[in-house]
Amino acid sequence: MTILGIEEITYGTADLATSARFFADWGLALVEQDDTRLVFECLNGCRVVVADPARRALPKAIEDGPTLHEVVWGVATPAELAEVAAKLRAQPGFVEGTFDGQARVGCTDPNGLAIKVQVSTKRPVDVQSAGFNTWNHKGRIDQRAPFYERATPIEVGHVVFFTDNVAAGEAFYRELLGFAPSDRYPQRGAFLRCAPEGGHHDLFLLQVPGGKPGLNHVAFTVRDIHEVFGGGLAFSRCGWETQLGPGRHPISSAYFWYFKNPAGGLIEYYADEDQLTAAWEPREFEPGPTVFAEWAVAGGLDGHTRRQKGLEAPGGKFLTEKR
Ligand SMILES: [Fe+2]
């Protein structure tokens, strides 16, 4: 049994109108809407549900206020789903049945978060990504690199939660769902991937001193670093506020751009994370600002001026012209 990735996440917030604008600007497609919830899809069919917990039954959240209420993971076949059911049956909050038209099994993880598993309904995506010209590999010949007017995220690539017991969380996802450890902050943080072969992390659990369970961020995979930058510029132009970025993570090598999300936590565009196999040995890092970001733009780039926030837009035809 192998977990393939994230199928669906559900945010709970009373303000559906703001979320409707936010996630449309983010680049998701609205596929269902009523007074109590919005359903968006990423390019491969991965779903982002935003529901009003006062008007729609949702699993209990792990913190007050707008946040994630549930994460649904995918497996390949009904037989694998039955295997998951057998493993989760003794866990707190075990459920099994049809939810939103999908056969799902689920429980509550050690952090108090509702999780479910279903047979994957994500579609293969056929997208073009940038080729890169490096000293020893020319991946783009007679061809301009892409410039993106906006992002269209492929899927939800990872979720990150604050926890009060990182060891219990790591044990749960490894023993019951087959996750593999990628890297750690000793006693503080666990970067976990769904399977030995895959992107650097699908789940990161972070235990800050005295911390309580909560949502840190949800990250959306885009094609390449150019879409991180072009998508972030466009999203910034829509008026949404950067938390940090663009920048680059030393631990996964990914390029990132984080924005504040009115539906809870932060939201991230990212691309070019490390791909790992069973041969990968987990490393240990002491947490710190240069471990989180090799470099980053605080406050972001202004989508209109295309410069650091607060700077004037460039003028003139050439950069050397005096103004
Ligand atoms: Fe992230």
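Residues numbered from 1 in each chain as written. Predicted model: local features only at pLDDT ≥ 70, side-chain atom pairs only at ≥ 80, totals over all residues. Heavy atoms only, no water.

Asks: I'd like a description of the overall build of the chain, backed by residues and values.
Replies: On a plain count of helices and strands, the chain comes out with five helices and 20 strands. Its C-alpha atoms give the chain a radius of gyration of 20 Å, near enough to 20 Å, the size a compact globule of 323 residues would have. Principal axes of the C-alpha set define a box for the chain whose edges measure 70 × 50 × 45 Å. A total of 323 residues make up the chain; the buried ones form 51% of that total. Considering only contacts within the chain whose residues lie at least 6 apart along the sequence, 66% involve residues at least 24 apart. (Helix = DSSP H or I, 4+ residues; strand = E, 2+ residues; numbered from the N terminus. Rg over C-alpha atoms; globule rule 2.2 N^0.38 Å. Buried < 20%, exposed > 50% of the residue type's maximum accessible area, 1.4 Å probe, protein only. Contact = heavy atoms within 4.5 Å.)

Asks: Give a detailed account of the coordination of the iron ion, specifying residues and quantitative values.
Replies: For the iron ion, every protein donor is listed as His-158 (NE2), His-217 (NE2) and Glu-268 (OE), and the spread of their distances is 2.0 to 2.2 Å. As a motif over one chain, the donors of the iron ion read H-x58-H-x50-E. One end of the pair, His-158, is in strand β9 (residues 155-162); the other, His-217, is in strand β14 (residues 214-221), and 59 residues separate them in sequence. For His-217, a relative accessible area of 5% corresponds to the buried category. (Donors = N, O, S within 2.8 Å, 3.2 Å for Na, K, Ca; no water.)

Asks: I'd like to hear about the packing of aromatic side chains, residue by residue, with values.
Replies: Using the criterion set out here, one finds 24 aromatic pairs in the structure. Ring centres 4.9 Å apart and planes at 80 degrees place the aromatic pair Phe-172 and Tyr-173 in the edge-to-face group. As far as burial versus exposure is concerned, Phe-172 and Tyr-173 are alike and both buried. Ring geometry for Phe-229 and Tyr-255: centres 6.1 Å apart, planes at 85 degrees, overall edge-to-face. In this pair, Phe-229 sits in helix α4 (residues 225-237) while Tyr-255 sits in strand β16 (residues 255-260), placing the two residues 26 residues apart along the sequence. We classify Tyr-255 as buried; its relative accessible area is 18%. (Phe/Tyr/Trp six-rings, centres within 6.5 Å; stacked < 30°, edge-to-face > 60°.)

Asks: Quick one: what's the story with the sheet that holds strand β11 (residues 189-193), residue by residue and with numbers?
Replies: In any sheet, the strands associate via hydrogen bonds between backbone groups, in a parallel or an antiparallel arrangement. Taken together, ten strands build an open sheet; the order of strands is β19-β10-β11-β13-β9-β14-β17-β16-β15-β20 and the sheet is mixed. Every interior strand has two partners, whereas the edge strands, β19 (283-284) and β20 (295-298), have only one. Against the sheet, helix α3 (residues 166-177) engages β10 (180-185), β11 and β13 (203-206), with an angle of about 10 degrees to β11. (Pairing = 2+ DSSP bridges. Axes fitted to C-alpha atoms, helices over the stretch in contact; angles between N-to-C directions.)

Asks: Now, about the sheet that holds strand β7 (residues 102-108): what can you tell me, with residues and values included?
Replies: Within the open sheet, the eight strands sit side by side as β2-β3-β4-β1-β5-β8-β7-β6. Their pairing is mixed. Each having just a single partner strand, β2 (29-33) and β6 (95-99) make up the two edges of the open sheet. Adjacent strand axes in the sheet meet at a mean angle of 25 degrees when their direction is disregarded. Note: β2 against strand β3 (residues 37-41), four bridges, orientation antiparallel. Note that in β3 the partner of Leu-30 across the bridge is Phe-40. Helix α1 (residues 16-26) contacts β1 (5-12), β3 and β4 (47-51) of the sheet and is inclined by roughly 5 degrees relative to β3. Where helix α2 (residues 78-88) meets the sheet, its contacts fall on β5 (67-75), β6, β7 and β8 (114-119), and the angle it forms with β7 comes to roughly 25 degrees.

Asks: Provide a residue-level description of the pattern of salt bridges, including the pertinent values.
Replies: For side chains bearing opposite charge, pairing can occur when the charged atoms are close. This model, assessed by the stated rule, comprises 18 salt bridges. Put simply, Glu-70 and Lys-116 hold a salt bridge, and the shortest N to O gap is 2.4 Å. With Glu-70 in strand β5 and Lys-116 in strand β8, this residue pair connects regions lying 46 residues apart in the sequence. Relative accessible area serves as the criterion here: at 9%, Lys-116 is assigned to the buried category. For the salt bridge of Arg-223 with Glu-227, the shortest nitrogen-to-oxygen distance reads 2.8 Å. The class for Arg-223 is partly exposed, based on a relative accessible area of 21%. Residue classification places Glu-227 among the buried positions, given a relative accessible area of 0%. In this structure, a network of salt bridges that share partners links the residues Glu-8, Glu-32, Arg-37, Arg-47, Asp-100 and Arg-104. (Salt bridge = Lys/Arg side-chain N within 4 Å of Asp/Glu carboxyl O.)

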